[in-house]
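# Architecture and fold: a report
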Amino acid sequence: MSIRPSVQRFIEYLRIKTVQPTPDYSTCTKFLQQQALELGLKFQAKEYVAGKPVVILSWAGTSPELPSIILNSHTDVVPVFEEFWDYPPFEARRVPTDPQGSDYKIYARGSQDMKIVGHGYLEAIRRLKVEEKRQLLRTVHAVFVPDEEIGGHDGMQQFVESPEFAALNAGLALDEGMANPDKPLRVFYGERAPCWVKFIARGNTGHGSQFIEGTAAEKLVPIIDHLMQFRQTQFQIYRTPHEDGSQRTLGEVTTANLTLLKSGVQQNVVPENVTAGFDIRMTPAVDYVGFKRDLEALAEKHGAEAEFVQFWDDNSTTATDESNPFWPAFEQAVTAQGFDVFKEIFPAATDSRYLRRAGVPALGVTPLCNAPILLHDHNEYVKESEFLAAIDFYAAVVAAVANVR
């Protein structure tokens, strides 16, 4: 059975080893440049950090003075443990789902996260522009950024501060979402912010057989206890349903996990210093700056230091009502395809946070429903039918939001 050209192009994209920590961005850029050539799109590649290109493929609208639409995706993927994969993670093997070959699973790292989205954009543009000869009101920019999987500091963070980004005059951005094992389509209008903090306590040292006062551990334990109690409180909120009986999502609460403990030189020596690291993800309902001040005060109260390894101070969210002129068009395009929209806060971090802080409304959506969540997992795959449906999805959504007057 022959492979559809759109699927073949998707497979080619999946086979490019843009895997951290040494992603092949050069081959990826050449692939995207070829797509731009085939589609008649303006091509730009800018390196704000050497070797890490931001690629922009632009389709001019009939009213280019209007704020544009950004279709954002990241090109890098997370590392793999090949011994746990059934198929080579960069072969993009098509495996029949049944003896008749009615569908196929395409196994590849990045298939869900997020090359189905990035290439879905391109195939949607191909359909609208090349096959259907349509013209859209607003200019559409397909943006491919590096290094999202390691924080986006050399990618989107640099890009939003550049003159090239300002020149896009963006009015709305679409970005990655997440698969849903259930039926509704998850649409993310905000995300939790990372607060990675280390508490460092120093104190008296000596022989392990003695009652030594003022030790580092004595100072640190109350801090750990405080945050573990906070964690339990948030967990109870998470487990308590809403008044209508619906379950809460992770995005509605703040999680705190003790992820690092460091101390000691040997068993019979009381350590001079102890470090505890926490991975905290703050829901947008929290006053982020106030939360940080509380952690600093907690450390000071117990004679320790607070060191913030990573902290995000902006809790902007995107309106999902008529105050956002793009939302009605987006929602109508989605529901017309039979999707039930489930609006939520993304539980982790994406490049959308940089866009929102720059003042650009952003919606995260990956059209994978009734599908397992496989991002960063072994044997990551998408079904061929899911990829083809993603093209339908983005063609409808892009046409809708790019024609908002």
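First things first, this report covers the structure right here in the doc. Every value quoted in this text rests on a predicted model; they were computed, and no experiment measured them.

Calculation notes
Residues numbered from 1 in each chain as written. Predicted model: local features only at pLDDT ≥ 70, side-chain atom pairs only at ≥ 80, totals over all residues. Heavy atoms only, no water. Axes fitted to C-alpha atoms, helices over the stretch in contact; angles between N-to-C directions. Helix = DSSP H or I, 4+ residues; strand = E, 2+ residues; numbered from the N terminus. Left-handed = near helix turned anticlockwise from the far one by under 90°. Contact = heavy atoms within 4.5 Å. Nonpolar A, V, L, I, M, F, W, Y, C, P; charged D, E, K, R; others polar. Core = buried A, V, L, I, M, F, W, Y, C linked by side-chain atoms within 4.5 Å. Buried < 20%, exposed > 50% of the residue type's maximum accessible area, 1.4 Å probe, protein only. Salt bridge = Lys/Arg side-chain N within 4 Å of Asp/Glu carboxyl O. Pairing = 2+ DSSP bridges. Polar contact = N/O pair within 3.5 Å; in protein donor to acceptor, adjacent residues only side chain to side chain.

In the contact formed by helix α6 (residues 216–239) and helix α7 (residues 288–301), the axes pass within 10 Å of each other and the chain directions differ by 145 degrees. Crossing hand, α6 versus α7: right-handed. In contact with I223, H226, L227 and F230 of α6, α7 contributes F291, L295, L298 and A299. Grouping the amino acids of the contact of α6 with α7 by side-chain chemistry returns 7 nonpolar, 1 polar and no charged.

Here the focus is the nonpolar core. Residues L57, V140 and F330 are the most contacted members of the largest nonpolar core, which totals 63 residues. Apart from residues lying up to four places away in sequence, F330 is in contact with L174, V187, L363, V365, V397 and V401. Counting 40 residues, the second-largest nonpolar core is a separate cluster that includes I56, V143, V145 and A193.

Bringing the side chain of T320 into the picture now. Tracing the backbone shows T320 in the loop between β14 (304–311) and α8 (327–335). You can call T320 buried: its relative accessible area is 18%. In contact with T320, not counting residues within four places along its chain, are Y189, W327, K343 and L363.

To continue, consider the pattern of salt bridges. If you walk through the whole model with that rule in mind, you get 17 salt bridges. Between R9 and E123 there is a salt bridge, with its nearest N and O atoms 2.7 Å apart. Of this pair, R9 sits in helix α1 (residues 5–14) while E123 sits in helix α3 (residues 111–131), and the two are 114 residues apart along the sequence. Overall, R9 belongs to the buried group, its relative accessible area being 17%.

What follows deals with the sheet that holds strand β17 (residues 381–383). Strands sit in the order β4-β5-β17 across an open sheet of 3 strands; the sheet is antiparallel. Since the sheet does not close on itself, it has two edges, and those belong to β4 (93–96) and β17, each with one partner. Here the average twist between neighbouring strands, direction ignored, is 25 degrees. Across the sheet, α1 is in contact with β4, β5 (104–107) and β17; its angle to β5 comes to roughly 25 degrees. Each of β4, β5 and β17 touches helix α10 (residues 384–402); the most contacted strand, β17, lies at about 70 degrees to it.

Most of strand β6 (residues 140–145) is tucked away, with 6 of its 6 residues classed as buried. Two strands pair when backbone bridges link them, and strand β2 (residues 52–59) and β6 are joined in this way by 5 bridges, in the antiparallel orientation. By the bridge assignment for β6, W59 is matched with V140. Taken together, the 6 bridges between strand β3 (residues 68–74) and β6 define a ladder with parallel strand orientation. Directly across from H74, in β6, lies its bridge partner V145.

Let's shift gears to the sheet that holds strand β13 (residues 273–282). Read across the open sheet, the 4 strands follow the order β11-β13-β9-β14; overall the sheet is antiparallel. Edge positions in the sheet fall to β11 (255–263) and β14, since each has one partner strand and no second. Sheet twist, expressed as the mean angle between neighbouring strand axes with direction ignored, is 20 degrees. Judged from the 7 bridges that link them, strand β9 (residues 193–202) and β14 form a sheet pairing that is antiparallel. Residue pairing for β14: C195 is matched across the bridge by F311. Here α6 sits on the sheet in contact with β9, β11, β13 and β14, set at roughly 15 degrees to β13. On top of the sheet, α7 reaches β9, β13 and β14; it is set at about 150 degrees to β14, its chief contact.

Mapping S323 onto the fold places it in the loop between β14 and α8. When the C-alpha positions of S323 and V286 are compared, they lie 23 Å apart, and in sequence the two are 37 residues distant. Engagement of the side chain of S323 in a polar contact is seen with the side chain of D321, the distance being 2.4 Å.

This part is about unusual backbone geometry. A cis amide bond, omega 10 degrees, links Q20 with the succeeding residue P21. The topology assignment puts P21 in the loop between α1 and α2 (25–39). Between D113 and M114 the backbone carries a cis peptide bond, its omega angle lying at -5 degrees. Tracing the backbone shows M114 in helix α3. Although it is not a glycine, K133 adopts a positive phi angle of roughly 55 degrees.

Sheet topology note: the strand β1 (residues 42–49)/β2 ladder contains 7 bridges and is antiparallel. Looking at the pairing, E47 lines up with P53 of β2.

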